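Results of the structural survey
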Amino acid sequence: MEILLSFETWIVLAILLASAEIFVPGGILLNLGIASLIVAIGIKTALLTNGVAIFTTWFISATFLLFIGYYFTNKLFPSKQRVDNTDEELDVFGHEVVVTETIGPGQHKGRVEFQGTSWTALGDGSTISQGTKAVVICKENISLVVEPKTN
């Protein structure tokens, strides 16, 4: 327990953690090193006199530094990442397709060519002849629902 109350222990730990940041980049070890330096200063000024106070100060300061570092890093180096549409339903809606196998009448399935692949297709109840163009309304399970294209 005596080693935890030593100023030199926390200075050495601060130097080791900050130096390790060179080999393990990311800022975490540097934050832990700065937190160790804060504890060393607290021991030197006799503000921290027992193990509970030392560890509490170290954990709180490390957590605080982590959040502050994260905030400033995001402000100084904004992300160029973007999130595109991940809903497949929106990607198929309104696209023009070519009917490769007659669809209908009623619920009789046919086939269409969409995105370079042959898809099972359902119509709106009317007959859509082979070779005509249709528009995708939506997707139902693994089939496309289409309606004849109007000019």
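Residues numbered from 1 in each chain as written. Predicted model: local features only at pLDDT ≥ 70, side-chain atom pairs only at ≥ 80, totals over all residues. Heavy atoms only, no water.

Concerning the UniProt feature "domain: NfeD-like C-terminal" (unreviewed entry) in the protein
Short version of the rule: UniProt positions are given in the numbering used here, feature names are shortened, and annotations may be inferred rather than shown by experiment. Comment: elements are numbered from the N terminus, with helices defined as DSSP H or I runs of at least four residues and strands as E runs of at least two.
Residues given the UniProt feature "domain: NfeD-like C-terminal" (unreviewed entry) here are residues 94-148. Annotated as residues 94-148, this span is 0% helix and 56% strand, and its ends, taken at the C-alpha atoms, are 12 Å apart.

Describing the pairing of strand S4 (residues 133-140)
A regular strand places its side chains on the two faces of the sheet in alternate fashion. Rule in force here: For two strands to be treated as a pair, DSSP must find at least two bridges joining them.
When strand S1 (residues 96-101) meets S4, the two strands line up antiparallel, connected through three bridges. Considered in S4, the bridge of Glu-96 is made with Val-135. Across six bridges, S4 lies against strand S5 (residues 143-148) in antiparallel orientation. When the sheet's bridge partners are listed, Val-136 is paired in S5 with Val-146. Between the antiparallel neighbours S4 and S5 lie two residues, among them Asn-141 with a positive phi of about 55°.

Comments concerning the nonpolar core
Rule in force here: Residues belong to one nonpolar core when they are buried, are Ala, Val, Leu, Ile, Met, Phe, Trp, Tyr or Cys, and are joined through side-chain atoms within 4.5 Å. Buried residues are those whose accessible area, probed at 1.4 Å on protein chains only, stays under 20% of the maximum for their type, while exposed residues exceed 50% and partly exposed ones sit between those limits. Every residue pair with non-hydrogen atoms within 4.5 Å of one another is taken to be in contact.
Within the largest apolar cluster, 13 residues are counted, with the highest numbers of intra-cluster contacts made by Val-97, Ile-103, Val-112, Leu-144 and Val-146. Looking at this core, the elements with two or more residues in it are S1, strand S2 (110-114), strand S3 (117-122), S4 and S5. Not counting residues within four places of it along the chain, the set of residues in contact with Val-97 comprises Val-112, Glu-113, Phe-114, Thr-132, Lys-133, Ala-134, Val-136 and Val-146. Grouped together as the second largest cluster of nonpolar side chains are 10 residues, Trp-10, Leu-48, Ile-54 and Trp-58 included.

Describing the pairing of S2
Because side chains alternate across S2, one face comprises the buried residues Gly-110, Val-112 and Phe-114, and the other comprises Arg-111 and Glu-113, none of which is buried. Pairing of S1 with S2, which is carried by three bridges, proceeds in the antiparallel orientation. Across the sheet, the residue bridging to Val-99 is Val-112, located in S2. Relative to S3, S2 is paired through five bridges, and the arrangement is antiparallel. Bridge pairing in S3 places Phe-114 opposite Thr-117.

Describing the UniProt feature "transmembrane region" (unreviewed entry) in the protein
Look at the UniProt record and you will see "transmembrane region" (unreviewed entry) annotated at residues 12-41 and 47-72. The straight-line gap between the two end C-alpha atoms of residues 12-41 is 13 Å; of that span, 77% is helix and 0% is strand. With 85% helix and 0% strand, residues 47-72 has its two end C-alpha atoms placed 29 Å apart.

Points about the packing of helix H2 (residues 28-44) against helix H3 (residues 51-76)
The cut-off we apply is this: Under this scheme, a helix contributes an axis fitted over its contacting stretch, all axes are lines through C-alpha atoms, and angles between N-to-C directions fall in the 0 to 180 degree range. To sort the angles, those under 35 degrees are grouped as roughly parallel, those over 145 as roughly antiparallel, those from 65 to 115 as roughly perpendicular, and the leftovers as oblique. Take the far helix as the reference: if the near one is turned anticlockwise from it by less than a right angle, the crossing is left-handed, and if turned clockwise, right-handed. Residue polarity follows a fixed list, in which Ala, Val, Leu, Ile, Met, Phe, Trp, Tyr, Cys and Pro are nonpolar, Asp, Glu, Lys and Arg are charged, and the others, Gly among them, are polar.
Two elements in contact, H2 and H3, have axes whose closest approach is 8 Å; the angle formed by their N-to-C orientations is 140°. On the basis of their axis angle, the class for H2 and H3 is oblique. The two elements H2 and H3 cross, and the hand of that crossing is right-handed. Taken together, the residues of H3 that come into contact with H2 (itself represented by Ile-28, Asn-31, Leu-32, Ile-34, Ala-35, Ser-36, Ile-38, Val-39 and Ile-43) are Ile-54, Thr-57, Trp-58, Ser-61, Ala-62, Leu-65 and Leu-66. Its residues placed into classes, the contact of H2 with H3 shows 12 nonpolar, four polar and no charged.

Observations concerning helix H1 (residues 7-20)
Our working definition: Working rule for helices: expected span equals 1.5 Å times residues minus one. Read the arc as the range of directions from the helix axis to the C-beta atoms.
Between the first and last C-alpha of H1 there are 20 Å, a value that for 14 residues agrees with the 20 Å anticipated at 1.5 Å per step. Buried within H1 are the following residues: Trp-10, Ala-14 and Leu-17. Axial view of H1: buried residues confined to an arc of 75°, hence all on one face. Turned more than 90 degrees away from the buried face of H1 sit Glu-8, Ile-15 and Leu-16, all of them exposed.

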